[in-house]
Amino acid sequence: MIPYYLALIAAILIGACGQLLLKEGAGGASFRAQFLSPYTLVGLSAYAVAAIAYIVAIRRIPLSLAFPSVAASYVLVAVAAHYLWGEMLGWRQFAGMALVGAGIFMLHRG
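Residues numbered from 1 in each chain as written. Predicted model: local features only at pLDDT ≥ 70, side-chain atom pairs only at ≥ 80, totals over all residues. Heavy atoms only, no water.

Q: Whenever I open this one, the overall build of the protein confuses me. Can you help?
A: Of regular secondary structure, the protein possesses six helices and zero strands. N-terminal to C-terminal, the α/β element order of the protein is α-α-α-α-α-α. By principal-axis analysis of the C-alpha atoms, the protein measures approximately 50 × 35 × 15 Å. Of the contacts made within the protein by residues no fewer than 6 positions apart, 66% connect residues no fewer than 24 positions apart. For the protein, the exposed surface amounts to about 7,300 Å²; the carbon and sulfur share of it is 73%. (Helix = DSSP H or I, 4+ residues; strand = E, 2+ residues; numbered from the N terminus. Contact = heavy atoms within 4.5 Å. Areas by Shrake-Rupley, 256 points an atom, 1.4 Å probe, with all protein chains shown as cover.)

Q: Help me understand the nonpolar core, please; the structure alone is not making it clear to me.
A: Among soluble globular proteins, nonpolar side chains are generally buried collectively. Ranked by size, the top nonpolar core spans 11 residues in total: Tyr4, Ala7, Leu8, Ala11, Ile12, Ala53, Tyr54, Ala57, Ile61, Leu65 and Ala66. Going through the elements one at a time, helix H1 (2–25), helix H3 (38–57) and helix H4 (63–69) are the ones with two or more residues in this core. Setting aside chain neighbours within four positions, we find Ala53 in contact with Ala7, Ala10 and Ala11. (Core = buried A, V, L, I, M, F, W, Y, C linked by side-chain atoms within 4.5 Å. Buried < 20%, exposed > 50% of the residue type's maximum accessible area, 1.4 Å probe, protein only.)

Q: I keep staring at a nonpolar patch on the surface and nothing clicks. Help me out?
A: A cluster of nonpolar side chains, Phe31, Phe35, Leu36, Leu41, Leu44 and Tyr47, forms an exposed patch at the surface whose accessible area comes to about 580 Å². Inspection of the secondary structure puts Tyr47 in helix H3. Exposure remark for Tyr47: the relative accessible area of 31% places this residue in the partly exposed category. (Patch = residues over 30% accessible without salt bridge, like charges linked within 9 Å, V, L, I, M, F, W, Y side chains within 5 Å. Salt bridge = Lys/Arg side-chain N within 4 Å of Asp/Glu carboxyl O.)

Q: Sorry, what's going on with the packing of aromatic side chains here?
A: The relative placement of two aromatic rings is captured by the distance of their centres and the angle of their planes. According to the stated counting rule, one finds one aromatic pair in the structure shown. With 6.2 Å between their ring centres and 20 degrees between their planes, Phe31 and Phe35 make a pair best called stacked. With a gap of four residues between them, Phe31 and Phe35 both fall in helix H2 (residues 31–36), about one helical turn apart. Cation over ring: Lys23 sits above Trp85, and NZ or CZ is 5.9 Å from the ring centre. (Phe/Tyr/Trp six-rings, centres within 6.5 Å; stacked < 30°, edge-to-face > 60°. Lys NZ or Arg CZ within 6 Å of the ring centre and 35° of its normal.)

Q: Explanation requested: the packing of helix H5 (residues 72–85) against helix H6 (residues 91–109) in the structure shown.
A: To characterise two packed helices, one gives the angle between the axes of the helices and the distance between these axes. Two elements in contact, H5 and H6, have axes separated by 9 Å at closest approach and are oriented at 150 degrees. Between H5 and H6, the interaxial angle falls into the category roughly antiparallel. Like other packed secondary-structure pairs, H5 and H6 cross with a definite hand, here left-handed. Together, Ala72, Val75, Ala78 and Val79 of H5 and Met97, Val100 and Ile104 of H6 make up the contact between the two elements. Each residue belonging to the contact of H5 with H6 can be placed in one class, and the counts come to seven nonpolar, no polar and no charged. (Axes fitted to C-alpha atoms, helices over the stretch in contact; angles between N-to-C directions. Parallel < 35°, antiparallel > 145°, perpendicular 65-115°, else oblique. Left-handed = near helix turned anticlockwise from the far one by under 90°. Nonpolar A, V, L, I, M, F, W, Y, C, P; charged D, E, K, R; others polar.)

On their own, these measurements won't tell you what the molecule is for.
Shown next, in the form of structure tokens:
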């Protein structure tokens, strides 16, 4: 089962990186510039790689565990966005992240 959990972790990390790259690519002056930005193109490619890793993971991990685990990317992206772009990270965000973490923990304990 370890390779499948490693694939799930890879899918989460690569997907989070893809989201950050899409955010960086969204700064273009026009839709065309945003879509053709190298950041956007690499971000979309990262999503494709994350999807492949996720497919590997769900071959053996129940979807009822794997899919909620992807919510860990919300925490990663929120923290990274705070440091990269100065986005808000107050007590409400921390509370939400704690709830997400607790939910994932509880799912994997059973």
